[in-house]
Amino acid sequence: MKMSNPAAAILIAILAQAPLAERAALLADAPPRAAEPEFSREPTWAIPAPEAVRRRVQDWFAGLPATEAVARGRAAWDRVQDPAAGVDPLDAAFEAVAAVDPRAASLREAVARQDESGVPAWLVESATPALPRDVVGLWIGRELVRQDRFDEALPFLLPLDVATSIDPATLLFCRAACQHWLLDADAALESLDLLLEREEEIPVRYARIARLLRADAAALEAESLDHIARRMRDVTRRLELGKAGPSTRQVQDGVIESLDKLIEKLEQQQKQSGGGGGGGAGAGDGGQPTGDAVPMDESRIAGGKGKGEVQKRDIGGEDGWGNLPPHQREEALQQIGREFPPHYREAIEQYFKRLAAGGEDR
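For the structure given in this document, a descriptive report is provided here.

## Some points on the overall build of the protein chain
Here comes step 1: Along the protein chain, the regular secondary structure elements total 16 helices and zero strands.
Here comes step 2: Burial status across the protein chain gives 40% buried among its 362 residues.
Here comes step 3: For the protein chain, long-range pairs separated by at least 24 residues make up 65% of all intrachain contacts whose partners lie at least 6 apart in sequence.
Here comes step 4: For the protein chain, the exposed surface amounts to about 20,800 Å²; the carbon and sulfur share of it is 52%.

## Observations regarding helix H10 (residues 168-181)
Note that an α-helix has 3.6 residues per turn; residues three or four places apart therefore point the same way.
Here comes step 1: Taking 1.5 Å of rise per residue, the 14 residues of H10 would be expected to cover 20 Å, and the 20 Å separating its terminal C-alpha atoms lies within 8% of that figure.
Here comes step 2: For H10, the tally of buried residues reaches 14 of 14 residues, placing the bulk of the element in the interior.
Here comes step 3: The first or second residue beyond H10 is leucine 183, which carries a positive phi of 65 degrees.

## Focus: the packing of aromatic side chains
Here comes step 1: Enumeration according to the criterion identifies four aromatic pairs in this entry.
Here comes step 2: On the numbers, 4.0 Å between centres and 10 degrees between planes, the contact of phenylalanine 94 with tryptophan 139 is stacked. One end of the pair, phenylalanine 94, is in helix H5 (residues 89-100); the other, tryptophan 139, is in helix H8 (residues 130-146), with 45 residues separating them in the sequence. Of the two residues examined, phenylalanine 94 and tryptophan 139, each falls in the buried class.
Here comes step 3: Considering the side-chain rings of phenylalanine 150 and tryptophan 181, the 5.3 Å spacing of their centres and the 25 degrees angle between planes classify their relative orientation as stacked. Of this pair, phenylalanine 150 sits in helix H9 (residues 150-157) while tryptophan 181 sits in helix H10; the two residues are 31 residues apart in sequence, bridging distant segments of the chain. Neither residue differs from the other here; phenylalanine 150 and tryptophan 181 are each classed as buried.
Here comes step 4: The aromatic ring of tyrosine 206 is capped on one face by arginine 205, whose charged end is 4.9 Å from the ring centroid.

## Considerations on the environment of aspartate 148
Here comes step 1: Topologically, aspartate 148 is positioned in the loop between H8 and H9.
Here comes step 2: What makes aspartate 148 partly exposed here is its relative accessible area of 23%.
Here comes step 3: Taking the C-alpha atoms as reference points, aspartate 148 and leucine 241, 93 residues apart in sequence, are found 8.9 Å from one another.

## Focus on the state of the cysteines
Here comes step 1: One pass over the full model with this rule turns up zero disulfides.
Here comes step 2: Lacking any disulfide linkage, cysteine 174 is separated from the closest cysteine sulfur, that of cysteine 178, by 6.8 Å.
Here comes step 3: Overall, cysteine 174 belongs to the buried group, its relative accessible area being 0%.

## Some points on the pattern of salt bridges
Here comes step 1: Going through the model one piece at a time under the given rule, you end up with 17 salt bridges.
Here comes step 2: Linked by salt bridges that have partners in common, Asp88, Asp91, Arg142, Glu143 and Arg146 make up one network.

## Things to note about the packing of H5 against helix H6 (residues 102-112)
Here comes step 1: Contact pair H5 / H6: the axes reach a minimum separation of 5 Å and the direction vectors enclose 115 degrees. In contact with Phe94, Glu95, Val97, Ala98 and Val100 of H5, H6 contributes Pro102, Ala104, Ala105 and Arg108.
Here comes step 2: The residue makeup of the contact of H5 with H6, split by class, is seven nonpolar, no polar and two charged.

About the criteria used
- Residues numbered from 1 in each chain as written.
- Predicted model: local features only at pLDDT ≥ 70, side-chain atom pairs only at ≥ 80, totals over all residues.
- Heavy atoms only, no water.
- Helix = DSSP H or I, 4+ residues; strand = E, 2+ residues; numbered from the N terminus.
- Buried < 20%, exposed > 50% of the residue type's maximum accessible area, 1.4 Å probe, protein only.
- Contact = heavy atoms within 4.5 Å.
- Areas by Shrake-Rupley, 256 points an atom, 1.4 Å probe, with all protein chains shown as cover.
- Expected span 1.5 Å × (residues − 1).
- Phe/Tyr/Trp six-rings, centres within 6.5 Å; stacked < 30°, edge-to-face > 60°.
- Lys NZ or Arg CZ within 6 Å of the ring centre and 35° of its normal.
- Disulfide = S-S within 2.5 Å.
- Salt bridge = Lys/Arg side-chain N within 4 Å of Asp/Glu carboxyl O.
- Axes fitted to C-alpha atoms, helices over the stretch in contact; angles between N-to-C directions.
- Nonpolar A, V, L, I, M, F, W, Y, C, P; charged D, E, K, R; others polar.

Quick look at the structure:
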């Protein structure tokens, strides 16, 4: 079941990434923290007053021809202006735009059906007025975040200007959530720092989760096992959404490449640390070397009978690259298990199981 609140959805994602021992601390209902020095500078953006939002929508209506669609849009806007309705300003503005422009309504229906949602050309054309462009882009982006479709949401959110948005806090939060999930740590930190400039004014849930996201993004080390495990989770998310196209395969290939490098690094460390051990292979019962293990009696260039050729390994084609033979998979998992906490091994083991089970769908 998808969360209706994007902040709650991101919190669950953070908890899923955290080791079990840390989850209680993340869930603790602590009072809001005092503003830290890096966020106490003069804010570079402002939260528009409700009256300013209403005036902007009315000005947009004033520039439209007197058509039946515009009349429907005005009626929709007037209905949600009743304070008793308790409608979110972004929802209210989107309802007004969708009543006037059927393309916005069609885009909403496509997102509700969870169709593949690329940014339509009309939304970025210069002929599209600023208000519907900002409102539709932010509303659709927020809905995609609520559906965990972060890679689809980000192209809607990136072009939007915080200075002209009717809900800049939601824009910055959703943008940061996408960047954090997609492991663009630098961009996420930039968005979160902007959001936290108004920490005392934005919704409390945004402020608290932004703090968690910022601490998490700042501590993430590229190409670490934690970084690899998160990319695995991203592949799992994409496959659960039925997205097994080139972008997903690219992430998969990157995961395997990073795992290969990590395992190779661990093997090299193991060889270096164990290079001085005694009693190697080839020793007889009396501890003396036998057969081919007998050392040379003097220093000289050794002769060899081989052709000097290295046998190339067949690592398989694109299909089935996740189906490692059981003994090789277990060897890699044991190597990782010796060097890292148990929950990493479990994450990687589950990842390979999912790939092997769904191989025919890739």
